[in-house]
Amino acid sequence: MKAPWENQVSHCISKRKVAVLMRNAMLYYGAIVLGIIAVVVGVLYQADILLGYHPTRSYAAFAIGGILLIVGIVGVFVMRPKR
């Protein structure tokens, strides 16, 4: 038995010959929110507030947060409707 979304995906791929990733702009807003949360967690690790001091985790959180912020912002601008 196929999952409910499999028919939609196969129809989309057969119709356009290309699978489009993340069409919904709300996913990019979610990436921005997760990026902000990751940066805040990085600051909390670096400043030894609530989470304890751990330099490696703080840099990892900064990197992940920065990547998510960039992906989210670029995605929002790419998904803008053309005028």
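First, a word on what this report is: a plain description of the structure on this page. Note that the structure is a prediction, hence the values are computed from the model and not measured.

Quick look at the overall build of the protein chain
- For the protein chain, the count of helices and strands is 3 helices and 0 strands.
- Starting at the N terminus and walking to the C terminus, you meet the elements of the protein chain as α-α-α.
- Here the contacts in the protein chain between residues at least 6 apart in sequence split such that 50% fall between residues at least 24 apart.
- Carbon and sulfur atoms make up 70% of the accessible area of the protein chain, which totals about 6800 Å².

Side note on unusual backbone geometry
- Its identity is not glycine, yet Asp48 carries a phi of approximately 60°, on the positive side.
- Take Asp48: it is sitting in the loop between helix H2 (25–47) and helix H3 (55–78).

What to know about H2
- For H2, which comprises 23 residues, the first-to-last C-alpha distance of 34 Å matches the rise-based estimate of 33 Å (1.5 Å per residue) to within 8%.
- Within H2, burial applies to Tyr28, Ala31, Ile32, Gly35, Ala38, Gly42 and Tyr45.
- In the core, the buried residues of H2 are packed alongside H3.
- Downstream of H2 by one or two residues, Asp48 has phi in the positive range, about 60°.

Describing the packing of H2 against H3
- Where H2 contacts H3, the two axes come as close as 7 Å, and the packing angle between them is 160°. When the axes of H2 and H3 are compared, the pair comes out roughly antiparallel. Here the hand of the crossing between H2 and H3 comes out left-handed.
- For the contact of H2 with H3, a count of residues per class yields 19 nonpolar, 8 polar and 1 charged.

Each value, and the rule that gives it
- Residues numbered from 1 in each chain as written.
- Predicted model: local features only at pLDDT ≥ 70, side-chain atom pairs only at ≥ 80, totals over all residues.
- Heavy atoms only, no water.
- Helix = DSSP H or I, 4+ residues; strand = E, 2+ residues; numbered from the N terminus.
- Contact = heavy atoms within 4.5 Å.
- Areas by Shrake-Rupley, 256 points an atom, 1.4 Å probe, with all protein chains shown as cover.
- Expected span 1.5 Å × (residues − 1).
- Buried < 20%, exposed > 50% of the residue type's maximum accessible area, 1.4 Å probe, protein only.
- Axes fitted to C-alpha atoms, helices over the stretch in contact; angles between N-to-C directions.
- Parallel < 35°, antiparallel > 145°, perpendicular 65-115°, else oblique.
- Left-handed = near helix turned anticlockwise from the far one by under 90°.
- Nonpolar A, V, L, I, M, F, W, Y, C, P; charged D, E, K, R; others polar.

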